[in-house]
Amino acid sequence: MKIIIVGAGAAGMAAAASSAENGADVTILERNEKAGKKIYITGKGRCNFTNAAPIEDFYQNIVTNPKFMYSAFAHFDNQDMIKFIEDAGVPTKVERGGRLFPVSDHASDITRAFTQTLKRLGVKTELDTRVTGLIVEDGKVTGVKAAEEGHLSHQKEYRADAVILAAGGKSYPTTGSDGNLIPMLKDLGLKVNQCYPALVPLETEGAYIPQMQGLSLKNVELRIFSVKKKKPVYDEFGEMLFTHFGISGPIVLSASSNIAKILMKEGTLKGEIDLKPHLSEEKLRNRLIRIVEENPNRNFSHFFDDLLPSKMIPVMVDLTGIDPAKKLNSVTKQEREKILELLRHFPLTITGTRGFNEAIITGGGLSVKEVDPKTMQVKKYPGLYACGEMLDVDALTGGFNLQSAFSMGALAGYSASKETI
């Protein structure tokens, strides 16, 4: 019984291991020169492959279609993943936030755990091979058409009892995931939701943002509002970074996944940063008064010296509209309230996201309504399975995305081998 798997990424290799363990004859077709190419760059080259949190917590970290993942996590969860990696001879460690890494801090060890396991199970991997089409006969998928990368006119047919699509989304296209299979899914009459960059930096307007390029803020609160509804659509505490185009950093990347669809619809969103979230309004107001009382003859240009990073001070002074040469004992109560407002609500205007080249993952993809969550089989086409980033399921950083891919792949591989054997 033969199974063809398209893509040797996280989901594809998990699917291959799962189906081969059930006795299937498995071949992976991978367009890159090596397997797991995207895994090598995850976690800044260290590969945060899962999270130690209880599996119930995973659903809170899945932004789109968390309920779709119930069966996949029930079949293969984070503890199964840790055992798989350690059984393959790779020691693991838990870091801040429950993030799991190989002890070596080398992403290549995670890839090697898979490739060595697949070799032991007799899985065949054909590299530099691009799938160009699906073979559909009497409403059933019976194989794929593929060609050597760079020689696409010389196509070859690969027949199989089941085909598992695990070709990824559009993020980091240099790793081979450029969404080239999406048109094939549309040609089959399947619903594909618009793909968009997710877990990606945000672009802002205003010349004052690039002035702070490279400045990292810790322990701040980022809030983003829908312009139309005037209410927060995102509110998170943590670390962020100013760039030449806008903002980035952990809470910004998470924000991008949460606001992407709203941003596409509205075009512009308002944001604000609470620079002193740990201080109550009263304590912050008293601190501002104390600064004036203790430094009455200091110029206003030095008002924020003990409050903010130096790179941010000229920007803040400018935003207040107060003369930098004004003495602090001349600062009015109304002006202090303006300062308080800026510290609590530092303004941002978000105009878009960066592109797929900078996105950690892809939002959108094959609608989960087209796929049976208990098996990962495409409902309209027996013999066709889909898993991983190709589907409209996306999670936050911290190992939740990779675990989702591993879990979907493992379920798809198991289901396909069960059907075909």
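This text follows the structure it describes.
Residues numbered from 1 in each chain as written. Predicted model: local features only at pLDDT ≥ 70, side-chain atom pairs only at ≥ 80, totals over all residues. Heavy atoms only, no water.

Visitor: If you had to explain the overall build of the protein chain to someone new, which residues and values would you point to?
Guide: When its secondary structure is counted, the protein chain shows 11 helices and 21 strands. Principal-axis analysis of the C-alpha atoms places the extent of the protein chain at approximately 85 × 45 × 35 Å. Looking at the protein chain as a whole, 54% of its 421 residues qualify as buried. Within the protein chain, residue pairs in contact and separated by at least 24 positions form 72% of the contacts whose partners lie at least 6 positions apart. When the accessible surface of the protein chain is summed, it comes to about 18,400 Å², and 49% of that surface belongs to carbon and sulfur atoms. (Helix = DSSP H or I, 4+ residues; strand = E, 2+ residues; numbered from the N terminus. Buried < 20%, exposed > 50% of the residue type's maximum accessible area, 1.4 Å probe, protein only. Contact = heavy atoms within 4.5 Å. Areas by Shrake-Rupley, 256 points an atom, 1.4 Å probe, with all protein chains shown as cover.)

Visitor: Go over a negative patch on the surface with me, naming the residues and quoting the values.
Guide: A cluster of acidic residues, Glu 293, Glu 294, Asp 305 and Asp 306, forms a negative patch on the protein surface. Residue position: Glu 294 is located in helix 8 (residues 281–294). (Patch = residues over 30% accessible without salt bridge, like charges linked within 9 Å, V, L, I, M, F, W, Y side chains within 5 Å. Salt bridge = Lys/Arg side-chain N within 4 Å of Asp/Glu carboxyl O. Lys, Arg positive; Asp, Glu negative; His and termini not counted. Charge placed at Lys NZ, Arg CZ, Asp CG, Glu CD.)

Visitor: Describe in detail the packing of aromatic side chains, supporting the description with residues and values.
Guide: Describing an aromatic ring pair means giving the distance of the ring centres and the angle of the ring planes. A complete count under the given rule lists 11 aromatic pairs for this structure. Between the aromatic rings of Phe 300 and Phe 303, the centroid separation amounts to 5.5 Å while the plane-to-plane angle is 40 degrees, which identifies the pairing as tilted. Both residues of the pair, Phe 300 and Phe 303, count as buried. Here Phe 303 falls in the buried class, since its relative accessible area comes to 1%. Counting every residue linked through ring pairs, the aromatic cluster contains Phe 58, Tyr 59, Tyr 70, Phe 73 and Phe 400. (Phe/Tyr/Trp six-rings, centres within 6.5 Å; stacked < 30°, edge-to-face > 60°.)

Visitor: So, the sheet that holds strand 11 (residues 162–165): which residues are in play, and what are the values?
Guide: As summarised here, the arrangement of the five strands in space is 7-2-1-11-20, forming an open sheet in which the pairing is parallel. In the strand order of this sheet, the two ends are held by strand 7 (124–126) and strand 20 (384–386), each with one partner. Averaged over all neighbouring strand pairs, the angle between strand axes comes to 20 degrees, with direction disregarded. One ladder, built from four bridges, connects strand 1 (residues 2–6) with strand 11; its direction is parallel. Within strand 11, the residue paired with Ile 4 across the bridge is Val 163. (Pairing = 2+ DSSP bridges. Axes fitted to C-alpha atoms, helices over the stretch in contact; angles between N-to-C directions.)

Visitor: Could you give me a rundown of empty space enclosed by the protein, with the residues and numbers involved?
Guide: As enumerated under the stated definition, the model contains one cavity of 30 Å³ or more in all. One number sums up the size of the largest cavity: a volume of about 40 Å³. Looking at the largest cavity, the residues that line it are Gly 168, Gly 169, Lys 170, Gly 179, Ile 182, Cys 195, Thr 362, Gly 364, Gly 365, Glu 389 and Met 390. The element best represented in the lining of the largest cavity is strand 19 (residues 361–366), accounting for three residues. Among the residues forming the lining of the largest cavity, the class breakdown is three nonpolar, six polar and two charged. (1 Å grid on protein atoms, 1.4 Å probe; cavity = no way out; pocket = protein on both sides within 12 Å on 5 of 7 lines; lining within 4 Å. Points joined across faces, edges and corners; volume = space filled by probe spheres on them. Nonpolar A, V, L, I, M, F, W, Y, C, P; charged D, E, K, R; others polar.)

Visitor: Explain the side chain of Ser 415 residue by residue, including any values.
Guide: Structurally, Ser 415 is set in helix 11 (residues 400–420). For Ser 415, the side chain forms a polar contact with the main-chain oxygen of Leu 411, separated by 2.8 Å. (Polar contact = N/O pair within 3.5 Å; in protein donor to acceptor, adjacent residues only side chain to side chain.)

Visitor: Pulling in residues and values, what's your account of the pattern of salt bridges?
Guide: Throughout the structure, instances matching the rule amount to 20 salt bridges. Arg 223 is the partner of Glu 272 in a salt bridge, and the nearest nitrogen-oxygen pair spans 2.7 Å. Of the two residues, Glu 272 is situated in strand 17 (residues 269–274) and Arg 223 in strand 14 (residues 216–225); the sequence distance between them amounts to 49 residues. This pair shows no difference in class: Glu 272 is buried, exactly as Arg 223 is. With its nearest N and O atoms 3.2 Å apart, the salt bridge here joins Glu 281 to Arg 344. With Glu 281 in helix 8 and Arg 344 in helix 10 (residues 333–344), the pair connects residues that are 63 residues apart, well separated along the chain. Residue Arg 344 is classed as buried on the basis of its relative accessible area of 8%. Beyond isolated ion pairs, a larger network of salt bridges with shared partners links Arg 46, Lys 93, Glu 95 and Asp 105.

Visitor: Please provide a residue-by-residue account of helix 9 (residues 313–320), values included.
Guide: Among all positions in helix 9, only Ile 313, Val 315, Met 316, Val 317 and Thr 320 are buried. Summarising the contacts, the buried residues of helix 9 are in contact with helix 10 and strand 18 (346–353). Just beyond helix 9, the residue with positive phi is Gly 321, at close to 75 degrees.

Visitor: Residue-level account of the layout of surface pockets, with values.
Guide: A probe matching the size of a water molecule, rolled over the atoms, marks out where space remains unfilled. If you add up the space inside the second largest pocket, you get close to 290 Å³. Looking at the lining of the second largest pocket residue by residue, the classes come out as eight nonpolar, three polar and five charged.

Visitor: I'd like a description of the sheet that holds strand 13 (residues 202–204), backed by residues and values.
Guide: Sheet architecture is closed into a barrel: six strands sit in the order 13-16-15-14-17-18, paired in antiparallel fashion. Mean inter-strand twist for the sheet, computed between neighbouring axes without regard to direction, equals 45 degrees. Note that strand 15 (residues 232–242) and strand 16 (residues 246–248) share two bridges and pair antiparallel. Directly across from Leu 241, in strand 16, lies its bridge partner Ser 248. Contacts between helix 7 (residues 250–266) and the sheet are confined to strand 13, strand 14, strand 15, strand 16, strand 17 and strand 18, with strand 15 contributing the most and set at about 135 degrees to the helix. Across the sheet, helix 10 lies against strand 14, strand 17 and strand 18, angled at about 105 degrees from strand 17, the strand it touches most.

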